[in-house]
Structure formats: C-alpha cells, structure tokens
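Coordinates in review
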Amino acid sequence: MTVDGPDQAFAVQLDSDNELRCRQLAADLQLPLTDDDSASYTYLLIYTEQGLALQRTDSKAAGPVMVDFVSGVASYRRAKGGGELIVKAVAGDKQPRPTVLDATAGLGRDSFVLASWGYPVTLCERSPIVACLLDDGLQRASQAGDSALQAVIARMQLQPIDAVSYLQQLEQSTWPDVVLIDPMFPPSKKSALVKKEMQVFQQIIGADQDSELLLNAALEYANNRVVVKRPRKSQFLTDKKPNFSVEGKAIRFDIYTKKAFGK
C-alpha cells in the first residue's frame, strides 16, 4: 500500500512504546520514520493513548484527526439515536436491511450510523492514510468490550481501495443494493471540527476530479439505488437530476432509483 494524492510531507513518528507498529505502518505506507516532532514534516502519523492519529505540525495546527467509534459523537449517536435522514434516504426500516457500499468512506461516520441501524456496510476508502486511520478505529472499537458496539462494527467491512475498482471486480450476485456517495465539498463555517478534517482530506486526497466516473459506476452496479450526499443548496452531482431528494437543514440526499427493494 502506497500513499497517493498531492505532494505532502508525511511521516510516521517513532514511539518507543509502539516501535514495531510504527515501523510496520511506515513500511506499509512507504513513509519515512522519524523521531523528530518538529515541523520537518507537514503531517505526522502518531500512535497516541487513544489510537492512531494524523497531526499537522505547524504551530497553529488544530488537534489531531482520528477515528473514534467508542466515545464522543459516535457513541452518543448510537446510544441516543440520530442519522434518521441518511437512513430514510438509504432504505428506511426496510427488512431485511439492504446491503450498502459507502463509496467514499472517509472517517466512517455515515457507515457507522447505518451499521448502528442494522445495515451491512462495505466501506471503500482510496487514501491509504485515511484507510489506516479508519482501520485503527474499527480495530479499537471491536476490542472495546462492548457487545452492542462489537455487533455494529461486525457489520462494517473495510476495503482500502477506490470504489470504482472495487465494484468492477464484484460478481453480479454480490453487487450492493445501495451505493452511498459523499463527494468532497467545502466545509461548513459553523463547524471547526468538520473544517479541520476537510482541510486534511483535501490535502491528502486532492481535488475531487472523478465524481462523474464514480456516479456512473454506482448507477451501473447498484441493485436498487444510489444515494448522493450534498450541501442542501448545491447543484446536483455532475448536473444529473435525481429521482427525488431527502432534505435536512444543511444537507440533502439525492436518490437515483433503479428498482424497488425486493424485486
């Protein structure tokens, strides 16, 4: 696995308590290993007490980016509910739950919501760095000793590959019922957390230049529907009009239907 995307200075920070893991991660990603925590590199992958994190090194940098399904927002949403809008867009309370391919998994938040509602989800993430963060979060959650959380995580299967390549290698009998696409778009000014993470994503992955290819592949391989997440007032992805949309206050989901569930 090698790091792609724009030319950024990434490295793995050597930690004596996790030396073997650091060396393995650096080898897997073909990144330098460093014991220098200064600004010699733009970003450092660091093993913290909480898990694997990506930290920008400049003096005004925000806190680290990591995946956490055990505590924080993810835990609250699992316990208190939430995500009804995306669930409604995907298939609602349809039984049995349709299979979902999250074509742009990122930090896995939408996949986690769907898995919490009982959906089996395959997460495709093409950035090796983001995929490593996501894999670390999944591993920690599966080992947290919470049986309900473990059941959710068991419904989430990570594929560190771009979604188009993944879809093209599937047998027709294993095509997903729903493909979910969340293209990169400008972050909300109201959320410093989202803004921080979107900045990282833009610098790791680069500009979103293959939306049309991804949407066309999703429409070809999804059994029932394709769901595209957009800012509420934005244009349709690649100007392709959906069959219908589900709107919230800030976002909407555009739904492209192929056939009814169960047919």
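So, here's what we can say about the structure.

Looking now at the overall build of the protein. Secondary structure summary: the protein contains nine helices and eleven strands in total. Long-range pairs, those at least 24 residues apart, make up 63% of the contacts in the protein between residues at least 6 apart in sequence. Entry remark: accessible area of the protein is about 13,500 Å², with carbon and sulfur atoms responsible for 47%.

Glancing now at the nonpolar core. Counting 50 residues, the largest nonpolar core has Leu45, Phe69, Leu114 and Met156 as its most contacted members. A per-element tally of this core places helix α5 (residues 128-142) first, with seven residues. Leu101, Ala103, Val164 and Trp175 belong to the second-largest nonpolar core, a separate cluster that totals 22 residues.

The next point concerns the pairing of strand β10 (residues 244-247). In terms of strand pairing, β10 meets strand β11 (residues 251-257) through four bridges, oriented antiparallel. Across the sheet, the residue bridging to phenylalanine 244 is isoleucine 255, located in β11.

Residues of helix α1 (residues 19-29) that are buried include every one of Cys22, Leu25, Ala26 and Leu29, and no others. Relative to the axis of α1, the buried residues are bounded by an arc of 100 degrees and lie together on one face. When the buried face of α1 is taken as reference, the exposed residues oriented beyond 90 degrees from it are Leu20 and Ala27. Next to the buried residues of α1 lie β1 (10-13), β2 (33-34), β3 (43-47), β4 (52-56) and α5. Backbone geometry just after α1 places glutamine 30 at a positive phi near 55 degrees.

Time to look at the pattern of salt bridges. All chains considered together, the criterion is met by nine salt bridges. Among the ionic pairs, aspartate 93 bridges to arginine 97, the shortest N-O distance being 3.9 Å. The residue lysine 229 makes a salt bridge to aspartate 182 at a minimum N-O spacing of 4.0 Å. Of the two residues, lysine 229 sits in strand β9 (residues 225-231) while aspartate 182 sits in the loop between β8 (178-181) and α8 (192-205), which places them 47 residues apart along the sequence. Taken together, the salt bridges that share partners define one network made up of Arg21, Asp136 and Arg140.

With that settled, consider the sheet that holds β1. Adjacent strands of a sheet form backbone hydrogen bonds with each other and so pair up, either parallel or antiparallel. Strands sit in the order β2-β1-β3-β4 across an open sheet of four strands; the sheet is mixed. The open sheet is flanked by β2 and β4, the only strands paired with a single partner. As judged from the three bridges shared by β1 and β3, these two strands associate in the parallel manner. Residue pairing in the sheet places valine 12 in a bridge with leucine 45 of β3. Most of the contacts of α1 go to β3, to which it runs at about 140 degrees, and overall it touches β1, β2, β3 and β4.

Thresholds, definitions, all that
Residues numbered from 1 in each chain as written. Predicted model: local features only at pLDDT ≥ 70, side-chain atom pairs only at ≥ 80, totals over all residues. Heavy atoms only, no water. Helix = DSSP H or I, 4+ residues; strand = E, 2+ residues; numbered from the N terminus. Contact = heavy atoms within 4.5 Å. Areas by Shrake-Rupley, 256 points an atom, 1.4 Å probe, with all protein chains shown as cover. Core = buried A, V, L, I, M, F, W, Y, C linked by side-chain atoms within 4.5 Å. Buried < 20%, exposed > 50% of the residue type's maximum accessible area, 1.4 Å probe, protein only. Pairing = 2+ DSSP bridges. Arc of directions from axis to C-beta. Salt bridge = Lys/Arg side-chain N within 4 Å of Asp/Glu carboxyl O. Axes fitted to C-alpha atoms, helices over the stretch in contact; angles between N-to-C directions.

By themselves, these observations are geometric and do not establish any function.
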